[in-house]
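One letter stands for each residue in the lines below.
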Amino acid sequence: MNSGEGEHMQNQSDQNLDLYRELVKEKDLVEKQNTVKAYGFLAMLYMYLGE
């Protein structure tokens, strides 16, 4: 009886881990996009000032 409960708990923590990984992945993606946008903006600014 107890081993079954333990397995269920293990399953739950695996699911939580997967959710956490997904969140971290999305956060990294958003940060990369923001960095790219910032660099793009700076590049445009430099080109504008260089004209």
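These remarks concern the structure in this document. (Residues numbered from 1 in each chain as written. Predicted model: local features only at pLDDT ≥ 70, side-chain atom pairs only at ≥ 80, totals over all residues. Heavy atoms only, no water.)

**Regarding the overall build of the protein**
Okay, step 1: On a plain count of helices and strands, the protein comes out with 1 helix and 0 strands.
Okay, step 2: For the protein, the exposed area adds up to about 5200 Å²; of that, 62% sits on carbon and sulfur atoms. (Helix = DSSP H or I, 4+ residues; strand = E, 2+ residues; numbered from the N terminus. Areas by Shrake-Rupley, 256 points an atom, 1.4 Å probe, with all protein chains shown as cover.)

**Overview of the pattern of salt bridges**
Side chains carrying opposite charge are able to pair once their charged atoms draw close together.
Okay, step 1: Counted by the stated rule, this structure contains 3 salt bridges.
Okay, step 2: One salt bridge in this structure joins Arg21 and Asp18, with 3.4 Å as the shortest N-O distance. Taken together, the positions of Arg21 and Asp18, both in helix H1 (residues 2–50) and 3 residues apart, correspond to about one turn of that helix.
Okay, step 3: Relative accessible area serves as the criterion here: at 47%, Arg21 is assigned to the partly exposed category.
Okay, step 4: Judged by relative accessible area, Asp18 falls into the partly exposed class, the value being 44%.
Okay, step 5: In this structure, Glu31 engages Lys27 in a salt bridge whose closest nitrogen and oxygen atoms are separated by 3.0 Å. With Glu31 and Lys27 both in helix H1 and 4 residues apart, this pair spans about one turn of that helix.
Okay, step 6: For Glu31, a relative accessible area of 41% translates into the label partly exposed. (Salt bridge = Lys/Arg side-chain N within 4 Å of Asp/Glu carboxyl O. Buried < 20%, exposed > 50% of the residue type's maximum accessible area, 1.4 Å probe, protein only.)

**Here's the deal with a nonpolar patch on the surface**
Okay, step 1: The grouping of Tyr39, Phe41, Leu42, Met44, Leu45, Tyr46, Tyr48 and Leu49 at the surface amounts to a nonpolar patch, some 1000 Å² of accessible area in total.
Okay, step 2: For Leu45, the position within the fold is in helix H1.
Okay, step 3: A relative accessible area of 36% means that Leu45 is categorised as partly exposed. (Patch = residues over 30% accessible without salt bridge, like charges linked within 9 Å, V, L, I, M, F, W, Y side chains within 5 Å.)

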